[in-house]
Amino acid sequence: MKSLLNPASIIALCWAAFQIHMVYGEPLELIVAVPIHVMFGVVLTFITHPLRQDSRGKLSLARASDYLLAAIAAAIAAYYLIDAERLVTRIAMVDLLEKWDFIVGIATIALVIEAVRRSLGMGLTVVILVFLGYQFIGPALRDLPLLSIIGHGGEPTMLFLETFLDLQTMQNEGVFGIPSIVSYSQVFYFLLFGAFLQLFGGGQLFMDMSVLLVGRFRGGMAKVSIVSSTLFGAVSGSATANAAVMGMFTIPAMKKSGMSSEESAAVEAASSTGGQLMPPVMGAAAFLIAQFMGIPYAQVAIAALIPALLFYIALYFVVDLLARRKGLTALKLSEMDTNWASVFKRLYLFIPVIMLVYQIMAGRALSSATLEAIWVTIVFGLITRVWGGFSAEGISGAVKATANVFIDSLKALDSGSRGAIAVAIPCAGAGIVVGIASMTNLGLTFGSFVTALSGGMLIPALLLVMLMVIVMGMGMPTTAAYIMGAILAIPALDKLGIPALSSHFFVLYFAALSMVTPPVALAAFVAGGIAKANIWKTGWIAFRYSLAGFLVAYAFVFSPALLLQGEWTEILPAVVTAVIGCYALAGCVAGYLRARNTLLESFLLFVAAAMLIAPVIKASLAGLVLLTLVWVWQVRKTKAASSNALMESSRA
């Protein structure tokens, strides 16, 4: 309990209490509730990410400045709450701003940018500052020959500033727009649920189940990493958090089994990145896609399932072929620290997960459905712990167990709220960019730019969008990279006639894959640090292991069958051939199918994989023939090598 008696934990618990009250109490209007949500995140950021790391726990000018900024953010939240009636009834872009609206607006933007810098580094911060510069110097660009295409209307007058602040901070656009609304109304609750599930034993259950399911196969611990990251990532939705939590267990075991430090870290980084593509959480992106498109969240989650499974299937095949090539063994029974009897006793932890998924698919409000799943988790945890305490120590044991459940629940609220910084702050920061893009029509301008540069051809346009999203995703969270990619790239993809759902998933996939794309591959950096590996080599190996994501992203642009859009007669063949294509791609990446590949064989396997994953039946059949030819050739090559070795040994 003492661990919760500190300013950061108190703020985190207050934030959680506010969010819960918004579901069970009288909810505030979005123009009031969302700013309070964002300012909670800003306050918590300044307390947990001090100006100087060595100022923690000390009385210094630097630490005092942290609390001063936190107090200003709290005052801004109070301003929105006290002035709620006026904010709700005012007409945006018609009613003039008051003096304090100017002050609060400028302070809000400044505090959000500083919170972004402290919590996420300079990547997103620089992007926001560049867009702010563009907002005010954009009109001057119209007179420059090479830059006139991106110039925009308006003059840097007082009215221009007032319009900018009105859109950014006095309505549900900009800082408090769709990204922050999604963070407030949906993602925060999922993060709370993930924290409760983790603290009540869900993470360990996922690990133990993975060990028992696939640990006995060759390359056992690497396969455990894949399965556990699939389960944990589906709830956490964060590549770096997934790599940090699961990597502590899996990476040392993979190294012990015979994999190099770089390969072990790369497997974990790729597995963790896939967690952002696996429903239901998907790093908040699924909720954003639903909000941007105006469709039910369940529809997005269903569409995401097959591509995410293909990513993990391809990674599983890579590990299996690497294990065959390197002779990696399975886990021994003595190395498994768990058993099925222990796992069966904890399977009740899946009940709240199943219940949550069912309610989401049934169309329930995400916030209330998630809180109900949390209550079920607490009840099951209470029953099992009280029974265990009573069996061991009688009434006193039951009382202790009840107290522990209460304390663990507070710790989960604390942990979930702290984790929400990683979503609330980038969403608010990216919201500034979204507001600027909306005010300047930058999305349409960029769309015209991409169309002109690509000559209106689909493949060059997709390559340009892919590069833009990956570059923007370097050094910033997937959520922020997706938001900015969606704002800038979706209009360009719409002009090329790509279905909206395919366009959004295309952008999302490359925002996620930036986590394993050098030179700035954040998931690979985290995993590489745990493995004490060469970060650069780890990034490139993780990139290779994640190639399936690149091919799948292009596949559902050309045909949305892999997103479960269309008739089953189209969907089923596309899925089957894509699975076979993942095997061909794994053979290329691992450098082994039935024998070690030559360069030509690896190239042919990559071509076969691309043709099989492409949802065009003729191309898939040609890819299958090519894969079969390489398979047969390598089988014959292996048999010839074996017979030659046998003849050599008989002569000796």
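Just above sits the structure.
Owing to the predicted nature of the structure, the values given are computational and were not obtained by experimental measurement.

Student: A description of the overall build of the protein should follow, citing residues and the corresponding values.
Tutor: Counting its regular elements, the protein contains 28 helices and zero strands. By the compact-globule yardstick of 26 Å for 652 residues, the protein fits well, its C-alpha radius of gyration being 26 Å. Structurally, the protein occupies a C-alpha span of about 95 × 80 × 50 Å along its principal axes. Across the 652 residues of the protein, 56% fall into the buried class. Taking all contacts inside the protein whose residues are at least 6 apart in sequence as the whole, residues at least 24 apart take part in 75%.

Student: For the packing of helix H6 (residues 122-141) against helix H18 (residues 395-440), give the residues involved together with the corresponding values.
Tutor: At a minimum axis distance of 10 Å, the contact between H6 and H18 shows a crossing angle of 25°. By the angle between their directions, the pair H6 and H18 is classed as roughly parallel. For the pair H6 and H18, the sense of crossing is left-handed. Taking contact as the criterion, the partners of Leu124, Val127, Ile128, Phe131, Leu132, Tyr134 and Gln135 in H6 are, on H18, Pro426, Gly429, Ile432, Val433, Ile436, Met439 and Thr440. Here the contact of H6 with H18 is built from residues that sort into 11 nonpolar, three polar and no charged.

Student: Please set out a nonpolar patch on the surface residue by residue, giving values where relevant.
Tutor: A grouping of Leu213, Trp340, Phe344 and Leu347 is seen on the molecular surface, where their side chains present a nonpolar patch of about 360 Å² in accessible area. With respect to the helices, strands and loops of the structure, leucine 213 is situated in helix H9 (residues 202-214).

Student: So what's going on with the state of the cysteines? Which residues, and what values?
Tutor: All told, the structure shown has zero disulfides when counted by the stated rule. In this structure cysteine 588 is a free cysteine whose sulfur lies 13 Å from that of cysteine 582, the closest cysteine sulfur available.

Student: Residues and numbers for the pattern of salt bridges, please.
Tutor: Once the charged atoms of two side chains with opposite charge are near each other, the side chains can pair. Following the criterion strictly, the structure yields 17 salt bridges and no others. Between arginine 86 and aspartate 83 there is a salt bridge; the shortest N-O distance is 2.8 Å. In this structure, the salt-bridge partner of arginine 218 is aspartate 320, at a minimum N-O distance of 3.2 Å. In this pair, arginine 218 is assigned in the loop between H9 and helix H10 (220-236) and aspartate 320 in helix H14 (residues 297-326), connecting sequence segments 102 residues apart. Shared partners join several salt bridges into a network, and the residues in it are Arg63, Asp66, Glu114, Arg117 and Arg118.

Student: Could you give an account of the nonpolar core, with specific residues and numbers?
Tutor: With 229 residues, the main nonpolar core has Val42, Phe505, Phe506, Phe510 and Tyr545 as its most contacted residues. Not counting residues within four places of it along the chain, the set of residues in contact with phenylalanine 506 comprises Leu462, Val465, Met466, Leu493, Ala553, Tyr554, Phe556 and Val557.

Student: Provide a residue-level description of the packing of aromatic side chains, including the pertinent values.
Tutor: Counted under the stated rule, the structure contains 28 aromatic pairs. Ring geometry for tryptophan 15 against phenylalanine 40: centres 6.2 Å apart, planes inclined by 10°, an arrangement best described as stacked. You can see tryptophan 15 sitting in helix H1 (residues 7-24) and its partner phenylalanine 40 sitting in helix H2 (residues 30-48), a full 25 residues away along the chain. Assessed through its relative accessible area of 0%, tryptophan 15 is described here as buried. Aromatic side chains phenylalanine 311 and tyrosine 312 sit 5.7 Å apart centroid to centroid with 90° between the ring planes, which places their arrangement in the edge-to-face category. A single burial state applies to phenylalanine 311 and to tyrosine 312, both of which are buried. Members of the aromatic cluster, connected to one another through ring pairs, are Phe506, Phe510, Trp536, Trp540, Phe543, Phe550 and Tyr554.

Student: So what's going on with helix H7 (residues 158-169)? Which residues, and what values?
Tutor: Note that an α-helix has 3.6 residues per turn; residues three or four places apart therefore point the same way. For H7, with 12 residues, the first-to-last C-alpha span of 16 Å sits near the 16 Å given by 1.5 Å per residue. Within H7 the residues assigned to the buried category are Phe160, Glu162, Phe164, Leu165, Asp166, Leu167, Gln168 and Thr169. Structurally, H7 contributes buried residues whose contacts are with helix H3 (61-82), helix H5 (99-120), H6 and H18.

Student: Which residues make up the environment of alanine 619, and what values go with them?
Tutor: Locating alanine 619 in the fold gives a position in helix H28 (residues 617-651). C-alpha of alanine 619 to C-alpha of alanine 608: the two residues are 11 residues apart in sequence and 8.9 Å apart in space.

Student: Any chance you could break down the side chain of serine 409 for me, citing the residues and the numbers?
Tutor: Turning to its location among the elements, serine 409 is positioned in helix H18. Once you skip the residues sitting within four places of it in the chain, serine 409 turns out to touch Phe196, Phe200 and Ile378.

Student: Please give an account of the environment of proline 560 that cites residues and values.
Tutor: Following the sequence through the fold, proline 560 ends up in the loop between helix H25 (547-558) and helix H26 (568-590). For proline 560 and tyrosine 67, which are 493 residues apart along the polypeptide, the C-alpha to C-alpha distance reads 50 Å. Not counting the four nearest positions on each side in its chain, proline 560 is found in contact with Ser502 and Gln565.

Student: Run through H3, naming residues and quoting values.
Tutor: Between the first and last C-alpha of H3 there are 31 Å, a value that for 22 residues agrees with the 32 Å anticipated at 1.5 Å per step. Every buried residue of H3 is accounted for by Ala62, Arg63, Asp66, Ala70, Ala73, Ile76, Ala77, Tyr79 and Tyr80. In this structure, the buried residues of H3 make contact with H2, helix H4 (84-89), H5 and H7.

Student: So, the environment of glycine 174: which residues are in play, and what are the values?
Tutor: Along the polypeptide, glycine 174 turns up in the loop between H7 and helix H8 (178-199). Among all residues touching glycine 174, those that are not within four sequence positions of it are Leu167, Gln168, Gly431, Ile432 and Gly435.

Student: For unusual backbone geometry, give the residues involved together with the corresponding values.
Tutor: Backbone geometry places methionine 93, a non-glycine residue, at a positive phi of 70°. Among the secondary structure elements, methionine 93 is positioned in the loop between H4 and H5. Despite not being glycine, leucine 564 has its phi angle at roughly 60°, a positive value. By secondary structure assignment, the location of leucine 564 is in the loop between H25 and H26. For leucine 564, a relative accessible area of 26% corresponds to the partly exposed category.

How each quantity is defined
Along each chain, the written sequence defines residue order, and numbers are assigned to residues from 1. Reporting of local features is limited, given that this is a predicted model, to residues whose pLDDT is at least 70; pairs of side-chain atoms are given and counted only at 80 or more, and all residues count toward the totals for whole chains, interfaces and linings. Excluding hydrogens and water, the side-chain figures rest on all heavy atoms present in the structure. Runs of H or I in DSSP of at least four residues are treated as helices and runs of E of at least two as strands, each being numbered from the N terminus. In this setup the radius of gyration rests on C-alpha atoms only. A globule is expected at 2.2 Å times the number of residues raised to 0.38. Exposure categories follow from relative accessible area, calculated using a 1.4 Å probe and restricted to protein chains: below 20% of the type maximum is buried, above 50% is exposed, and the middle band is partly exposed. Contact between two residues is taken to exist if any of their heavy atoms lie within 4.5 Å; hydrogens are not considered. For helices, the axis comes from a line fit to the C-alpha atoms of the stretch in contact; other axes are also lines fit to C-alpha atoms, and the angle between any two N-to-C directions lies between 0 and 180 degrees. In what follows, roughly perpendicular refers to angles from 65 to 115 degrees, roughly parallel to angles under 35, roughly antiparallel to angles over 145, and oblique to any angle outside these ranges. Helix crossings get a hand from a simple test, with the near helix turned counterclockwise from the far one by less than a right angle marking a left-handed crossing and a clockwise turn marking a right-handed one. Polar here means any residue outside two lists: the nonpolar Ala, Val, Leu, Ile, Met, Phe, Trp, Tyr, Cys and Pro, and the charged Asp, Glu, Lys and Arg; Gly therefore counts as polar. Each patch is assembled from residues with relative accessible area greater than 30% and no salt bridge, linking like charges that lie within 9 Å and nonpolar side chains (Val, Leu, Ile, Met, Phe, Trp, Tyr) that lie within 5 Å. Only the protein chains shown count as cover for residues, with accessible areas throughout obtained via the Shrake-Rupley method and a probe of 1.4 Å. Salt-bridge detection follows one rule: a side-chain nitrogen of Lys or Arg within 4 Å of a carboxyl oxygen of Asp or Glu. Pairs of cysteine sulfur atoms within 2.5 Å are identified as disulfides in what follows. What makes a nonpolar core is a set of buried Ala, Val, Leu, Ile, Met, Phe, Trp, Tyr and Cys residues whose side-chain atoms join them at distances within 4.5 Å. Ring pairs are drawn from Phe, Tyr and Trp, using the six-membered ring of Trp, whenever the two centres fall within 6.5 Å, and their geometry is named by plane angle: stacked under 30 degrees, edge-to-face over 60, tilted for the rest. Here a helix's expected span is defined as the number of its residues, less one, multiplied by 1.5 Å.

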